[in-house]
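# Chain and residue survey
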Amino acid sequence: MVELILRATEYSKREAILSNGNVYSYADLLHRSAQIASKLLNGATDLEGNRIAFIVDPSFEYVATQWGIWRAGGVAVPLCTKHPLASLEYVIDDTQAQALIYSKNYASFIEPLLTKTKGIDQATIQNSQGVFPEIDLQSNAMILYTSGTTGKPKGVVTTHQNIQAQIIMLVDAWGWSSEDKILNVLPLHHVHGIINVVSCALWSGASCRFQPKFDEAEIFSVFQSGSINLFMAVPTIYYKLINYWKAQPQQAQEKISNALNQFRLMVSGSAALPISTLEEWRTISGQTLLERYGMTEMGMAISNPYKGERVPGSIGFPLKGMQVRLVNEEGALVESGAPGEIQVQGPNVFKEYWEKPEATKDAFVKGWFKTGDIAIQSEGRYRILGRNSVDIIKSGGHKISALEIEEIIRKNPIIKDCGVVGIPDQEWGEIVVAGLVLDQGIKSLPETFEPWLKELLPNFQWPRRYLLLDDLPRNVMGKVTKKELQKQFQSI
Ligand code: MCA
Ligand code: AMP
């Protein structure tokens, strides 16, 4: 058994998960995950690294499925519940998933995929036989898909060892204990929810409550019940909570604020935390958000201190066990105070991009993982300045490739050319916008265009504004200048 699951045997009777109105113990998790592992093994002794995709809302059943796959020796591939079918099909094909476990609410949606892989309706899994393989820590554990600046999304492969290192680092840095109670409102196909919230809680013998749909009123109501002392979210969520609080009558505001004051820790990450959000949240809650920095390929790398000063606008110091350096375009280390790309080394850094040896090679230089994020460092403390590519957009904490959206838009016969960029937005960090050049003779965007595009993209990738252009802005070499396109959007 991997240690995360082995530890559950010690916590046995403790409350592990609250979901869908039910309370589940660690023993329940062990029991249910054993049933899922048995079903997957179906008499075999080991899945031997076969990929098992699953589409299950954040819940007890989600965790039991993830653990079941691991206990059977499989690689867990959690699917994004908001992605259109074509994106899920890409993941199933790319991983050559042996099976797709689904919960009932996704049965009809994923049915077309069942020509490609074996479907397992989670509700039908009942019995357990109970002999499971020994899991090698170096073996692959999980594949999460991430967008980059080239090609299709890449599968980030982490081993059990990587995941364990990611968890231990945070449990240690942020003082997790078995007394902690966290509320998860994040999707579970990203590191933020999977590792920082759920896995750290279960490693610690703490309890994790799930709220499958983001809802401000629900969140504050749970907080006021006094049963939660830890919260982690992306800046957009704090922004939404602040706005909800502001809209409440004074008495309700006071009740919420009193509840927030009792928390042990509140963390923000996945995108830059605006100083205004940090300050407003501090006024409302008495909590100084702990901002940290991470990436799918490495889990967390840099964090403000749990004990000690959390400086607004700063991501803090390298976590214990991480090596971090800043490098200029020539590959040389930069002086303190000068900008450079963040490069990292550590036991939490991923193993490879799934079946993409060239991309894996390009992602590293002499063993250092190149994050693509630009930062400055002074007295050991880091501050993010931005990214080295305009083609990566961060919206609502989701990483979005402009190039992937452009590729889809270009498939529409009325489009001659297009350029997608992100522009700053208070609520979402950035919003996606698109400059379009229409085919000759077409003067305006047909009403059918947006509905067509919305079918092909998850809602966080939908362009929120369009500009119809005679041509995209270009430099003297004819190359599209995306910075100029961003300016055009910001000037309207
Ligand atoms: C949704 N809407 C948007 C966007 N997304 N509008 C502009 N930009 C967007 N990005 C609109 C919808 O069209 C809809 O509009 C309304 O907002 C509500 O949509 P819904 O899907 O219901 O949104 P939500 O459920 O309220 O979601 C907001 C959210 C979500 C909770 C902030 O985006 C979220 O869970 N983000 C977190 C993602 C995450 O975990 N990232 C971590 C990855 P209308 O009302 O008009 O229909 S990064 C990571 O893992 C690394 C390791 C790290 O460092 O953490
Ligand atoms: P993802 O690949 O979805 O895991 O997103 C990782 C990216 O999110 C990083 O490369 C950063 O660009 C961004 N990110 C994460 N945390 C922060 C933060 N605290 N401040 C600024 N950017 C962040």
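Conventions adopted
- Residues numbered from 1 in each chain as written.
- Chains lettered and ligands numbered in written order.
- Predicted model: local features only at pLDDT ≥ 70, side-chain atom pairs only at ≥ 80, totals over all residues.
- Heavy atoms only, no water.
- Near = heavy atom within 4 Å.
- Polar contact = N/O pair within 3.5 Å; in protein donor to acceptor, adjacent residues only side chain to side chain.
- Areas by Shrake-Rupley, 256 points an atom, 1.4 Å probe, with all protein chains shown as cover.
- Helix = DSSP H or I, 4+ residues; strand = E, 2+ residues; numbered from the N terminus.
- Pairing = 2+ DSSP bridges.
- Axes fitted to C-alpha atoms, helices over the stretch in contact; angles between N-to-C directions.
- Salt bridge = Lys/Arg side-chain N within 4 Å of Asp/Glu carboxyl O.
- Buried < 20%, exposed > 50% of the residue type's maximum accessible area, 1.4 Å probe, protein only.
- Right-handed = clockwise from strand over helix to strand, strands pointing away.
- Nonpolar A, V, L, I, M, F, W, Y, C, P; charged D, E, K, R; others polar.

### Brief notes about the site of ligand 1
Taken together, 26 residues surround ligand 1, and among them Lys82, Ser270, Arg292, Ser395 and Asn459 come closest. One of the backbone N or O atoms of Gly397 is found 3.0 Å from a nitrogen atom in ligand 1. One nitrogen or oxygen atom from the side chain of Arg464 is found 3.1 Å from an oxygen atom belonging to ligand 1. Computed on the free molecule, ligand 1 has an accessible area of 1100 Å², of which 79% lies beneath the protein chains in the complex. Contributing elements (two or more residues each) for the shell around ligand 1: helix H7 (191–204), helix H9 (235–246), strand E13 (290–295) and strand E22 (392–395). When residues in the shell around ligand 1 are grouped by element, the largest group, three residues, is from E13.

### Description of the sheet that holds strand E25 (residues 429–438)
Spatial ordering of the open sheet is given by E24-E25-E26, a layout of three strands whose pairing is mixed. Looking along the sheet, the strands with just one partner apiece sit at the ends: strand E24 (415–425) and strand E26 (465–468). Adjacent strand axes in the sheet meet at a mean angle of 25°, parallel and antiparallel pairs treated alike. In terms of strand pairing, E25 meets E26 through four bridges, oriented parallel.

### Section: the pattern of salt bridges
According to the stated counting rule, one finds 20 salt bridges in the structure shown. With a shortest N-O distance of 3.9 Å, Glu179 and Arg14 are connected by a salt bridge. Taken together, the positions of Glu179 in the loop between helix H6 (160–173) and strand E9 (181–184) and Arg14 in the loop between helix H1 (3–11) and strand E1 (15–19) put the pair 165 residues apart, joining distant regions of the chain. Among the residues examined, Glu179 registers a relative accessible area of 58% and is labelled exposed. On the basis of relative accessibility, which here comes to 33%, the residue Arg14 falls in the partly exposed class. Among the salt bridges present, the one from Arg387 reaches Asp373, with a minimum N-O distance of 2.9 Å. In this pair, Arg387 sits in strand E21 (residues 381–387) while Asp373 sits in strand E20 (residues 368–378), placing the two residues 14 residues apart along the sequence. Judged by relative accessible area, Arg387 falls into the partly exposed class, the value being 28%. Via salt bridges that share partners, Asp391, Glu406, Arg410, Asp417, Asp471, Arg474 and Lys482 belong to a single interconnected network.

### Things to note about the pairing of strand E3 (residues 51–55)
Most of E3 sits inside the fold, with five of its five residues counted as buried. Of the two faces of E3, both are covered, the one formed by Arg51, Ala53 and Ile55 as well as the one formed by Ile52 and Phe54. Pairing of E3 with strand E4 (residues 75–78) involves four bridges; the strand directions are parallel. In the sheet register, Arg51 faces E4, and the bridge partner there is Val75. This β-α-β element, E3 to helix H3 (residues 60–71) to E4, shows right-handed connectivity.

### A closer look at the side chain of His192
Considering the arrangement of structural elements, one finds His192 in helix H7. Classification of His192 by relative accessible area gives buried; the value is 6%. Within the local environment of His192, its side chain forms a polar contact with the side chain of Ser270, the two groups lying 2.7 Å apart.

### Overview of the site of ligand 2
Taken together, 15 residues sit near ligand 2, with Glu291, Arg292, Thr296, Asp373 and Lys394 positioned nearest. Asp373 places a polar side-chain atom, nitrogen or oxygen, 2.5 Å from an oxygen atom of ligand 2. Its free accessible area being 500 Å², ligand 2 has 92% of it covered by the protein chains. Per element, the largest residue contribution to the shell around ligand 2 is five residues, and it comes from E13. The residue makeup of the shell around ligand 2, split by class, is five nonpolar, four polar and six charged.

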